[in-house]
Each structure stands twice: as structure tokens, then as C-alpha cells.
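An overview of the molecular structure
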Amino acid sequence: MYEGVVQDLIDELGRLPGVGPKSAQRIAFHLLATDPVDIGRLQDVLGKVKEGVQFCEICGNVSEQPTCRICRDERRDLTVICVVEEPKDVLAVERTREFKGRYHVLGGALDPLSGIGPEQLRMRELLKRIGAADISEIIIATDPNTEGEATATYLVRMLRDFPGLSVTRLASGLPMGGDLEFADELTLGRALSGRRAL
Ligand SMILES: [Zn+2]
């Protein structure tokens, strides 16, 4: 334990995803040795990060307007929705250039141990979208890990009662235990075109 603000900084950094206690310490001491001008720049973006950014009213993707660029694009197929966990996964699927529909960002995956149930995710919003428009297919593109699989299973059960709606899941080939955003474009593109009905 360090004293005062140094320990506070280490604690805050340690709460970031992917930053363990050791990295938090390393970053903290790096910042302590950094030029105040560079710190000022970092402070600046951190202060603004919540200002200009909002979430798309339709899909939940990050957006600078009430609806995101993809939902505003009239050329996209309105009948197909690809369900992902996080906005970063939208980018990953977009990079494949295989998908022309729209997205639905859940805001995470089911993880009962961390207190994340269906209520904490944008499940109800998805149901509302399916009920309101003529949706023919839901592609489940949650991460290929335990939480992602649990979320996919839950979605399949939830969507079973919609007549005429086909529910598909990305084909295998994605590394198990992995994270969608780290899949290369080719693998993810293939998984998308080879998706299977559930
Ligand atoms: Zn959107």
C-alpha cells in the first residue's frame, strides 16, 4: 500500500478492464514521471469522454447523434439484426464487410456471479424491436466464452415464440474462450457466412 493519492490512482487504474494490480502500479508510476503537459492532455479527454458520446436509441451502439450511423443508413437490411455484447463487437463485425443488416448491442453478457442478469442487459429493447418491425432473422454474435454461450442460450429460449423468425448463431471456427473483437476478419467473416440455425 502506498500513501494517499498514489494509492488512489493505483486503485482507480486497477478497476479498468484488463488492468491487473501490477499493471496499475506500473501505469501509476509512469504517470507520476510524465510531463504535466501530457497529463493535461489525458485529463482533457477523460473529462470529455462522456460529453459528446451517447448511445443509439435504436441499437445501443455508441453514437454522436440520437441514432447511430448504421441505424441511419437506409441501405442497410432492416429485417436482419445481429446481436452483440459490446459496441466494439459492432466494429469487429463491420470489418468483415459480410453483414448488411443492423445491430443490437446488449451492453454485456449474462454473468450471474457478477450480478448481471437479463434485466441488466438490453433484452427488453430487443423484444420491442422484433415486435415493432418485420424482422426475419436474428444472428447471435455473443462472445465464444461461457458468458457469451449462456447469453446465446437465453436469447434462443426468449425468441422461440416468434413465428417466422429464424435465429442463427455464428459458426464455429471462432476460438473458444475468446473475445469476438480479437477474431481476425477472415475467421469472423467465415463464421458469419456459415452461421447455423438454432
Ligand atoms: Zn444504432
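Residues numbered from 1 in each chain as written. Predicted model: local features only at pLDDT ≥ 70, side-chain atom pairs only at ≥ 80, totals over all residues. Heavy atoms only, no water.

Under an unreviewed UniProt entry, the protein chain has the name Recombination protein RecR and belongs to Amycolatopsis saalfeldensis. Per its UniProt entry, the protein chain bears the Sequence similarities (unreviewed entry) comment "Belongs to the RecR family." (UniProt positions renumbered as here; feature names shortened; annotations may be inferred.)

**Points about the packing of helix 6 (residues 123-132) against helix 7 (residues 146-159)**
At their nearest, the axes of helix 6 and helix 7 sit 12 Å apart, and the two run at 40 degrees to each other. As for how helix 6 packs across helix 7, the hand of that crossing is right-handed. Of helix 7, the residues touching helix 6 (which contributes Met123, Leu126, Leu127 and Ile130) are Thr151, Tyr154, Leu155, Met158 and Leu159. Each residue belonging to the contact of helix 6 with helix 7 can be placed in one class, and the counts come to 8 nonpolar, 1 polar and no charged. (Axes fitted to C-alpha atoms, helices over the stretch in contact; angles between N-to-C directions. Helix = DSSP H or I, 4+ residues; strand = E, 2+ residues; numbered from the N terminus. Left-handed = near helix turned anticlockwise from the far one by under 90°. Contact = heavy atoms within 4.5 Å. Nonpolar A, V, L, I, M, F, W, Y, C, P; charged D, E, K, R; others polar.)

**Examining the side chain of Asp111**
You can see Asp111 is positioned in the loop between strand 4 (102-105) and helix 6. Here Asp111 occupies a buried position and makes no salt bridge, while the nearest side chain of opposite charge, Lys88, is found at 13 Å. Not counting residues up to four positions away in its chain, the partners in contact with Asp111 are Ile116 and Glu147. (Buried < 20%, exposed > 50% of the residue type's maximum accessible area, 1.4 Å probe, protein only. Lys, Arg positive; Asp, Glu negative; His and termini not counted. Salt bridge = Lys/Arg side-chain N within 4 Å of Asp/Glu carboxyl O.)

**Re the pattern of salt bridges**
This model, assessed by the stated rule, comprises 9 salt bridges. Between Glu149 and Arg169 there is a salt bridge, with its nearest N and O atoms 2.9 Å apart. Residue Glu149 is found in helix 7, and its partner Arg169 is found in strand 6 (residues 166-169); the two are separated by 20 residues along the sequence. The class for Glu149 is partly exposed, based on a relative accessible area of 31%. With relative accessibility at 6%, the residue Arg169 sits in the buried group.

**Notes on the coordination of the zinc ion**
Around the zinc ion, the protein contributes the donor atoms Cys56 (SG), Cys59 (SG), Cys68 (SG) and Cys71 (SG), which lie 2.3 Å from the metal centre. Relative to the metal, the 4 donor atoms surrounding the zinc ion lie at angles of 104 to 117 degrees, and the coordination shape comes out tetrahedral. Look at where the donors of the zinc ion fall in the sequence and you get C-x2-C-x8-C-x2-C. Cys59 carries the same exposure label as Cys56, and that label is buried. (Donors = N, O, S within 2.8 Å, 3.2 Å for Na, K, Ca; no water. Tetrahedral: all angles 85-135°; square planar, octahedral: opposite > 155°, others 65-115°.)

**Some remarks on the sheet that holds strand 6**
Pairing is mixed in the open sheet, where 5 strands are placed in the order 4-3-5-6-7. Edge strands, defined here as strands with exactly one partner in the open sheet, are strand 4 and strand 7 (196-197). Each of strand 3 (80-84) and strand 4 is contacted by helix 5 (residues 87-96), which is oriented at about 155 degrees to strand 4, the strand it contacts most. Each of strand 3, strand 4 and strand 5 (137-140) touches helix 6; the most contacted strand, strand 4, lies at about 150 degrees to it. (Pairing = 2+ DSSP bridges.)

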